[in-house]
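# Breakdown of the fold
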Amino acid sequence: MCTEKASTAVPYTVNGRVHCYWRVGSSNSFADSSMKCQSSGAHLATILTSGENAFVLGLCPTADPRCWIGGTDGQTKSSATEAPYSWITGETMSYLNWASGQPEHGPCGTGCYQHRVAIKSTDGKWEDRSEDDSEDAICEWEPKP
Ligand SMILES: [Ca+2]
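Residues numbered from 1 in each chain as written. Predicted model: local features only at pLDDT ≥ 70, side-chain atom pairs only at ≥ 80, totals over all residues.

## Description of the overall build of the protein chain
When helices and strands are counted, the protein chain shows 2 helices and 8 strands. The C-alpha radius of gyration computed for the protein chain amounts to 14 Å, which stays within 12% of the reference 15 Å derived for 145 residues, consistent with globular compactness. Projected onto the principal axes, the alpha-carbon positions of the protein chain cover approximately 45 × 30 × 25 Å. Of the contacts formed within the protein chain by residues at least 6 apart in sequence, a portion of 65% connects residues at least 24 apart. (Helix = DSSP H or I, 4+ residues; strand = E, 2+ residues; numbered from the N terminus. Rg over C-alpha atoms; globule rule 2.2 N^0.38 Å. Contact = placed C-beta atoms within 7 Å.)

So this is what it looks like as structure tokens:
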């Protein structure tokens, strides 16, 4: 079922329903990664449980420092405002797995602040990063029952 969206897609069951996940490689900005997922009818992965976090972590190669997931505070990089984080699907960010001291909103250069969420390949903890960072990304698709 999952491979109808991507040849490498693999299933994981969240709250009783199978979701499909795959990695988009070649390193892209958050926006480009998000568009790549959307072009397959998917979205950047949203993580609701520790089990789902561990599964997504398993798809992020340890050769990379981190992979994009679908968390954002909705601010652009020039904004110093720290807004509440949520998932791009509108799902509430209830399960949290921030790395120590994160999110700290950067900085990422002059007038640049971090507002997008990536999962660290080493330990599965989350960091906020600049929207322009080049990272692999994890897409998620929820098939209709
Ligand atoms: Ca950060």
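## Side note on unusual backbone geometry
Cis rather than trans, the peptide bond between Gln102 and Pro103 has omega equal to -5 degrees. Looking at the element boundaries, Pro103 is found in the loop between strand S5 (86-87) and strand S6 (116-120). In this structure, the amide linkage connecting Gly106 to the following residue, Pro107, adopts the cis form with an omega of 5 degrees. With respect to the secondary-structure elements, Pro107 resides in the loop between S5 and S6. With a phi angle near 60 degrees, Ser27 is a residue other than glycine that sits in the positive phi range. Tracing the chain through its elements places Ser27 in strand S2 (residues 17-28).

## Thoughts on the environment of Asp133
Mapped onto the secondary structure, Asp133 falls in the loop between strand S7 (126-129) and strand S8 (135-141). In this structure, the C-alpha to C-alpha distance between Asp133 and Ile119, residues 14 residues apart in sequence, is 13 Å.

## Quick word on the pairing of S6
The buried fraction of S6 amounts to 4 of the 5 residues, a majority that puts the element mostly inside the structure. Here 4 bridges tie strand S4 (residues 66-72) to S6, and the two strands are oriented antiparallel to one another. Note on S6: the bridge partner recorded for Trp68 is Ala118. Here S6 folds back onto S7, and the loop between the two strands holds 5 residues, one of which, Gly124, carries a positive phi near 80 degrees. (Buried ≥ 20, exposed ≤ 12 C-beta atoms within 10 Å, placed from the backbone. Pairing = 2+ DSSP bridges.)

## Examining the nonpolar core
If you look at the biggest cluster of nonpolar residues, it comprises 30 residues, and the most contacted ones within it are Tyr21, Leu44, Val56, Ile69, Ile138 and Cys139. Of all the elements in the fold, those that place two or more residues in this core are S2, helix H1 (30-38), helix H2 (50-59), S4, S6 and S8. Residues contacting Ile69, with those up to four places away along its chain left out, are Leu44, Ala45, Ile47, Val56, Val117, Ala118, Ile119 and Ile138. (Core = buried A, V, L, I, M, F, W, Y, C linked by C-beta atoms within 7 Å.)

## Let's talk about the pairing of S4
Most of S4 is tucked away, with 7 of its 7 residues classed as buried. Of the two faces of S4, both are covered, the one formed by Arg66, Trp68, Gly70 and Thr72 as well as the one formed by Cys67, Ile69 and Gly71. Pairing geometry for S4 and S8, over 2 bridges, is parallel. Looking at S8, one finds that Cys67 is bridged to Asp136.

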